[in-house]
Amino acid sequence: MRGFLRKDGRKGIRNVVVVSFLVECAHHVAARIAQHYQEEEVHLIGFSGCAPNDYAELMMLQLCTHPNVGGVLLVSLGCENFQRERLLQDIKDSGRAASLLVIQDEGGSQTSINKGIQQVKEMLHQIADTPQTDISWSDLMIGTVCGGSDGYSGITANPSVGATFDWLVDHGATCIFEEPGELIGCETLLQQRAATPELGLRLYNCIVKADKYYKQMGHDSFSAGNATGGLTTIEEKSLGSYCKSGSRTIQGLTYPGISPDKRGLWMMDVVPDGEARWGFPNINDNAEIMEMIACGCQMVLYTTGRGSVAGSAISPVIKVCSNPETYQNMKDDMDINAGAIVTEGLTFGDICAHILQCIEQTASGNKTKSEALGHREFALTYKFFDCTKV
């Protein structure tokens with residue numbers, strides 16, 4: 001595997017330029033700049049809010065200094081609360097090419113678009129000669145999420161990802177799972193796998209918090225699509241989701257934008273602290289994916305039974321399909337057919353081998369199905385976490 005060595009010692013498997021808007025008012029200009037380079041590795045991300053929020057600023061910093069990112073163009077309207085100059089300096093200090101475009105200072109949309117296109121052109125040229133380096137399994141951080149679970153998820157795709165996580169952890173990689181709202185009922189199982197009693201209690205309380213939050217919101221993580229796909233209860237869904245974590249010892253509990261400080265298996269808490277004031281914990285699957293990426297994941301394993309076309313900005317998404325019919329119906333979007341466990345008698349180990357091969361190829365520069373189709377979705381919202389407890 002080959003990648004790009006960054007100043008902080010991390011290694012990226014992509015070398016993208018990020019065009020990032022710092023408020024919704026700058027979204028259109030940033031999007032037009034990025035669209036000019038649809039055939040290049042130029043990805044659009046951004047934060048829509050205007051009010052200040054520590055979580056959003058941390059997320060944006062972590063995304064803009066992600067190991068897969070080689071350069072950043074920040075696009076600001078000019079009067080939002082985002083600390084743009086501080087963010088710009090932090091990006092530059094990380095060794096990346098970076099520039100700032102303030103629409104109000106440039107005289108409006110069209111002049112800003114024209115200037116931004118030129119800035120990205122120069123940035124692409126600047127990072128074209130970024131030296132490459134060898135990547136080992138221990139250099140990788142890989143996350144997993146699920147979207148559109150069905151009756152097959154807990155018996156094909158999710159256990160196969162769990163087996164993959166076991167192999168990766170055993171070979172020195174860092175793996176992150178999450179979705180505490182889809183692990184309700186599994187708190188004791190998580191606690192028993194914790195590296196320390198203190199961590200076990202934190203994992204247990206993480207699920208208790210999620211349960212309370214969802215009850216305050218008046219809903220849980222069980223959707224109509226899950227029921228249509230054959231899931232019967234939240235317990236069944238939770239146990240299926242739990243399978244993605246594999247069987248290894250859990251080394252820590254982290255939060256969006258907080259990178260694990262040692263290798264091994266980690267859980268990420270995505271449910272905000274405090275009262276339910278921030279709305280749904282995640283408004284869509286891409287919000288969870290971006291939180292994984294903000295922790296440093298170079299790629300994400302995405303399990304689905306009903307089918308998903310989502311990809312991601314910055315880090316490739318490998319889609320592992322649990323349902324053999326869905327895989328056949330959506331072959332252009334699916335990378336791995338875990339449903340072959342049902343139709344062809346393959347084992348979790350067989351699918352694990354396919355996933356590992358796909359990871360190795362992706363880390364060597366091959367495009368995933370979502371990358372080849374041009375999917376670069378993202379989502380970033382307001383949240384609050386008491387990070388003093390990390």
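Here we summarise the structure given alongside this text. Please read these numbers as outputs of a predicted model, since none were measured by experiment. (Residues numbered from 1 in each chain as written. Predicted model: local features only at pLDDT ≥ 70, side-chain atom pairs only at ≥ 80, totals over all residues. Heavy atoms only, no water.)

**Description of the overall build of the protein**
When you go through the protein residue by residue, the secondary structure sums to 15 helices and 14 strands. Against the 2.2 N^0.38 benchmark of 21 Å for 390 residues, the protein shows a C-alpha radius of gyration of 20 Å, consistent with a compact globule. By the burial criterion, 58% of the 390 residues in the protein qualify as buried. Restricting to contacts in the protein with at least 6 residues of sequence separation, those with at least 24 account for 75%. (Helix = DSSP H or I, 4+ residues; strand = E, 2+ residues; numbered from the N terminus. Rg over C-alpha atoms; globule rule 2.2 N^0.38 Å. Buried < 20%, exposed > 50% of the residue type's maximum accessible area, 1.4 Å probe, protein only. Contact = heavy atoms within 4.5 Å.)

**Concerning the side chain of Ser 112**
Note that Ser 112 resides in helix α5 (residues 109-127). When sequence neighbours within four positions are dropped, the list of residues in contact with Ser 112 reads Val 29, Ile 33, Leu 101, Ile 103 and Glu 106.

**So, empty space enclosed by the protein**
Applying the stated rule across the entire model yields 4 cavities of 30 Å³ or more. When its volume is computed, the largest cavity comes out at roughly 90 Å³. The wall of the largest cavity is formed by Glu 41, His 43, Ser 312, Ile 314, Ser 315, Pro 316, Lys 367, Glu 371, His 375 and Arg 376. The class makeup of the residues in the lining of the largest cavity is 2 nonpolar, 4 polar and 4 charged. (1 Å grid on protein atoms, 1.4 Å probe; cavity = no way out; pocket = protein on both sides within 12 Å on 5 of 7 lines; lining within 4 Å. Points joined across faces, edges and corners; volume = space filled by probe spheres on them. Nonpolar A, V, L, I, M, F, W, Y, C, P; charged D, E, K, R; others polar.)

**Describing the pairing of strand β4 (residues 42-46)**
Burial analysis of β4 places 5 of its 5 residues in the buried class, which makes it a mostly covered element. Side chains Val 42, Leu 44 and Gly 46 project from β4 onto one buried face, and the interleaved His 43 and Ile 45 project onto a second face that is buried too. Pairing analysis gives 5 bridges linking strand β3 (residues 16-21) to β4, with the strands arranged parallel. Across the sheet, Val 18 pairs through a bridge with His 43, a residue of β4. Each parallel crossover has a hand, and the one from β3 via helix α1 (residues 27-35) to β4 is right-handed. (Pairing = 2+ DSSP bridges. Right-handed = clockwise from strand over helix to strand, strands pointing away.)

**Describing α1**
Within the sequence span of α1, burial applies to Val 29, Ala 30, Ala 31, Ile 33 and Ala 34. Against β3, β4, β5 (69-76), β6 (97-102), α4 (103-106) and α5 lie the buried residues of α1.

**Focus on the layout of surface pockets**
Where empty space is left becomes clear once a probe the size of a water molecule has been rolled over the atoms. Empty space within the second largest pocket amounts to approximately 330 Å³. Lining the second largest pocket are 16 residues; nearest its centre among them are Ala 34, Gln 38, Val 42, Gly 374 and Arg 376. Residue assignment for the lining of the second largest pocket shows that the elements contributing at least two residues are α1, β4 and α15 (369-372). Its residues assigned to classes, the lining of the second largest pocket shows 6 nonpolar, 4 polar and 6 charged.

**Thoughts on the packing of aromatic side chains**
When we look at a pair of aromatic rings, we describe it by the centre distance and by the angle of the planes. Summed over the entire model, instances satisfying the criterion amount to 6 aromatic pairs. On the numbers, 5.5 Å between centres and 55 degrees between planes, the contact of Tyr 255 with Phe 385 is tilted. One end of the pair, Tyr 255, is in the loop between β10 (250-254) and β11 (264-268); the other, Phe 385, is in the segment after α15, with 130 residues separating them in the sequence. Taking the relative accessible area as the measure of exposure, Tyr 255 reaches 2% and is therefore buried. Here the aromatic cluster, defined as three or more aromatic residues joined through ring pairs, consists of Phe 47, Phe 82 and Tyr 382. (Phe/Tyr/Trp six-rings, centres within 6.5 Å; stacked < 30°, edge-to-face > 60°.)

**Some words on the sheet that holds β5**
The 4 strands are arranged β4-β3-β5-β6 in an open sheet whose pairing can be described as parallel. The sheet is open, and its two edges are formed by β4 and β6, each paired on a single side. Neighbour-to-neighbour, the strand axes of the sheet open up by a mean angle of 20 degrees, direction not taken into account. Sheet contacts for helix α3 (residues 84-93): β5 and β6; angle to β6, the most-contacted strand, approximately 165 degrees. (Axes fitted to C-alpha atoms, helices over the stretch in contact; angles between N-to-C directions.)

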